[in-house]
Structures are given as structure tokens and as C-alpha cells.
Amino acid sequence: MKKLPNFTQALTELIAQPSISSTLERWDQGNLSIIQLLATWFEELGFTINIQQVPETRNKYNMLAKLGSGDGGLLLSGHSDTVPFDENRWNSDPLMITEKSDKFYGLGTCDMKGFFAFILQACKTIDVKNMKKPLYILATADEETTMAGARFFMQSQLAKPDVAIIGEPTNLVPVVMHKGHMSHQIKVTGQSGHSSQPDRGVNAIEIMHQVISALLTLKEKLALTYQHQAFEVPMPTLNLGAIRGGDNANRICGHCELDIDMRAIPGLSDDELISWLAKALEPVALRYPGRVTFAELHPSSPSFEQTKPSELIDFAESISGHSCCAVNYATEAPFIQQLGCQTIVMGPGSIDQAHQPDEFLAFDQINKTDKVLLEMINKYCF
């Protein structure tokens, strides 16, 4: 057997593999190098490796590693990509590990390449001969944009574990509920013309003003209709994120676009939320036939809830020392859950460091994470 890297070496090698996901092609990068690196390590430990290209992506891949045989078992899942970065805002090279003040600094240390370094160390101790159920390691693509990797894995149904843990940075607090995410673009098509003759044109900005009024009313209705007190922000949210329109002060605006973001709580499905949006825009659309349309900017991600009673939740709380909670951000959990397994989100590091310059993983997370992973593997695979 080749000598496998220790934790610091593994983390260093993972961070050095650039794998940015972006909707902008000039920033977007493939992830094959990090997938092949992970595959080499886990294959050396006796895992069976399955690498799949994710359809309709720019050179993106998933990796599923399996150790042991039989049904059920444990799935440890993480995404292989990172967000883009502005090197000028970092105090160190984002693609190199820097150790300082009891922290590892680097892009992806907590969100979430570091999770794979922890998994690798835990797997070195496994005695496959005594395994009763399989252990799966999943590395997905494009979580930071479309979640295409998790969607494809869910459709492929390559594993049927009993339980799954997604190692997003939660400070090892079991997350059992989170909001969904969807984004839409509303377009208003007017009729341009000279501003001195307003009756000869149709001002798209004026129509968009009515659209925005309808959306703000919708925002209030959603807040009154749906509440879940487990969340810090207990209602669904609707954000007016970006607006573009017009080209000159002395021209009637012929076109205007508004990008919005909506986040559903458990109990409010994506289809229901889209229906709310369509009904809110309908009066304006009827007033201006053919001029108001809306379309999805990115595939939506549904809300997530692991219901109780759940043996996985109870065990996660007992070994982590933390009570379960809900969070406002979205993860791959609703897609992994569709494999038919109990699912939680729980991993090292803080979400406060994710997507930030000088992202880091604190040293005090190392022993705690090692303990949690080993106990999870022992319980669900032995």
C-alpha cells in the first residue's frame, strides 16, 4: 500500500486543487483533478470507485467510493467545489494552506474540502473484514451554483444507505432543517420612444414599479401565512436582488428586468411558492398583456427537514454534545434524502467562515470531528 497523507498533508493537497463553481463561464472550473485525487486515496484503502460525469455541466464529475457490502450503511457526503475568490482580500494564498493562530487558512478548508481530509483519516482505521454494512463516500460537483452533482446522484440512485451525513460547516451541530432556495427573473417588455411623447411608448420601469408593489404585498402575505419558529428568520423570505432597465434619461424605457430570490420553509413546496408568485403577478400581467413574464434563473432547491423521531438525530446529538437546529441557508440534503435515508447536515468549521476571505478551519475542530466520524462509522457499518 502506498503511504497515504496525514490530515495536514491531505488538506494541503485538496486546497491546492482549484475547483471553482460559477455561473460565469470565465470563472467556472472543472473538478476532475480533485475527484481523481480523492479516488486515488480511497481506492488505496480498498474502496470501489465510481466516477460519473455530471450531465449539462462544464467538465464536472461526481465520485462515489464504497467499502464493504450488503444493504444500508452510512453515506458521508460533501461537495468538491468552492466559490470564486478575490485574492486581493486574502492575507494569504487561497490555494495554499497557511497555519497561523491555531487555524488552517485556505479556500475550502471549512466549506468544505476539509471534510474529505477528516474522512480519509477515519477510514485508515477501518477493518473491512468486520464490517456488517457498507460505507459510502460521495464527492459532488457544483453545489455552490446549481447543485447539479447532487441532483444527478439522486437521479442515478447508486446507493441506498440507511443514514447520510453531509459535512457542511455547522460546528458539529446536527442541522435537521433548512430553507429552500429559488431565484427568478421577471421581465417587462415596454415600447421605447422619445421621452417628450410618453403616449407613444410604454414605459417598462413604470410597469416594473407595479410588479414590485405586487411582490412586496406577496412578501407580507407569505410572512402571515407561513411561520416556523425553529428558524432564526421564521417566515419564507423574498428578496429583490437586482434590477436593470432603460438606457437614457430622455428615452422611454423599453425593457426592464428584476432578479428575485425566495426561500421556502418546510411545509411550503416549490410548486406552491411558484403558484403564489404567479398569482401575485397575474393582475399586472393582465393589465399589460404579453409584457410581463417570469422564468427560473437557476434550478430550485427545496426546503429540507429530517422528521422526528429519528435514531440518527438522537445519536448525533449524543456524540456531538449539541441539540439539533434549523438554519436559513440551503444544502444538498433534500436531494440526498431522496435516496430514502435519514439525513442530517453536520460538519467541522463555522458557516460564518464560508464564502469569506481568509476562510479557516480551527484546530480545535480536529479531535472532535475525528471522534464523531469514527463513532458514526462504528454504529452504522459495524
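Note that this is a predicted model, so its numbers are computed, not measured. (Residues numbered from 1 in each chain as written. Predicted model: local features only at pLDDT ≥ 70, side-chain atom pairs only at ≥ 80, totals over all residues. Heavy atoms only, no water.)

S.K.: Looking at this structure, how should I read the state of the cysteines?
M.R.: In protein structure, a disulfide is the covalent linkage between the sulfur atoms of two cysteines. In total, this model carries zero disulfides according to the counting rule given. Cysteine 253 forms no disulfide, and the closest cysteine sulfur to it belongs to cysteine 256, at a distance of 5.3 Å. By relative accessible area, cysteine 253 is classed as buried at 3%. (Disulfide = S-S within 2.5 Å. Buried < 20%, exposed > 50% of the residue type's maximum accessible area, 1.4 Å probe, protein only.)

S.K.: Please clarify how the UniProt feature "domain: Peptidase M20 dimerisation" (unreviewed entry) in the protein chain should be interpreted in this entry.
M.R.: Within the UniProt annotation, "domain: Peptidase M20 dimerisation" (unreviewed entry) is assigned to residues 177–288. The span residues 177–288 carries 36% helix and 29% strand; its end-to-end C-alpha distance comes to 40 Å. (UniProt positions renumbered as here; feature names shortened; annotations may be inferred. Helix = DSSP H or I, 4+ residues; strand = E, 2+ residues; numbered from the N terminus.)

S.K.: Before we go on, may I ask you to explain the nonpolar core in this structure?
M.R.: General note: in soluble globular proteins, nonpolar side chains tend to be found buried as a group. Ranked by size, the top nonpolar core spans 57 residues in total, and within it Phe42, Leu74, Leu76, Leu135, Ile137 and Met376 carry the most contacts. The leading source of residues in this core is helix H3 (residues 114–123), at eight residues. Other than its neighbours up to four places away in sequence, leucine 76 contacts Phe115, Ile119, Leu135, Tyr136, Ile137, Leu138, Ile165, Leu373 and Ile377. Judged by nonpolar contacts, the second largest core, of 29 residues, contains Ala204, Val211, Ile260 and Ala280. (Core = buried A, V, L, I, M, F, W, Y, C linked by side-chain atoms within 4.5 Å. Contact = heavy atoms within 4.5 Å.)

S.K.: Any chance you could explain the layout of surface pockets here in plain terms?
M.R.: Here the idea is plain: a probe the size of a water molecule rolls over the atoms and shows the empty space left. The space that makes up the largest pocket amounts to roughly 730 Å³. Lining the largest pocket are 31 residues, and of these Glu144, Thr145, His181, Arg263 and His355 sit closest to its centre. If you list the elements that add at least two residues to the lining of the largest pocket, you get strand E9 (181–189), strand E11 (237–245), strand E13 (255–263) and strand E14 (292–301). Roughly 350 Å³ of internal volume is contained in the second largest pocket. Around the second largest pocket sit 18 residues that line it, and Glu56, Thr57, Asp142, Thr146 and Ala148 are the ones nearest its centre. (1 Å grid on protein atoms, 1.4 Å probe; cavity = no way out; pocket = protein on both sides within 12 Å on 5 of 7 lines; lining within 4 Å. Points joined across faces, edges and corners; volume = space filled by probe spheres on them.)

S.K.: What is the right way to read empty space enclosed by the protein from this model?
M.R.: In this structure the tally under the stated criterion is two cavities of 30 Å³ or more. Reported here for the largest cavity is a volume of approximately 40 Å³. Phe115, Ile165, Leu172, Met346, Gly347, Pro348, Thr369, Val372 and Leu373 are the residues that line the largest cavity. If one sorts the elements of the lining of the largest cavity by residue count, helix H9 (residues 366–381) sits on top with three residues. Put simply, the second largest cavity is a space of about 30 Å³. Asn50, Gln52, Asn62, Met63, Leu64, Phe153 and Leu158 together form the lining of the second largest cavity.

S.K.: Even after reading the chapter, I still don't get helix H6 (residues 270–287), so can you show me in this structure?
M.R.: At 3.6 residues per turn, the α-helix brings residues three or four places apart onto the same side. Taking 1.5 Å of rise per residue, 18 residues should cover 26 Å, and H6 covers 27 Å from first to last C-alpha, within 8% of that figure. Taken residue by residue, H6 has Asp270, Leu273, Leu277, Ala280, Leu281 and Val284 as its buried positions. Elements that come into contact with the buried residues of H6 comprise E9, helix H5 (204–225), E13 and E14. (Expected span 1.5 Å × (residues − 1).)

S.K.: When you look at the side chain of threonine 82 in this model, what are you seeing that I'm missing?
M.R.: Relative to the helices and strands, threonine 82 is located in the loop between strand E3 (74–79) and strand E4 (98–100). Taking relative accessible area as the criterion, threonine 82 reaches 2% and is therefore assigned buried. Non-local contacts of threonine 82, meaning those with residues more than four positions away in its chain, are made with Ser19, Ile20, Ser21, Leu107, Gly108, Asp111, Lys113 and Glu144.

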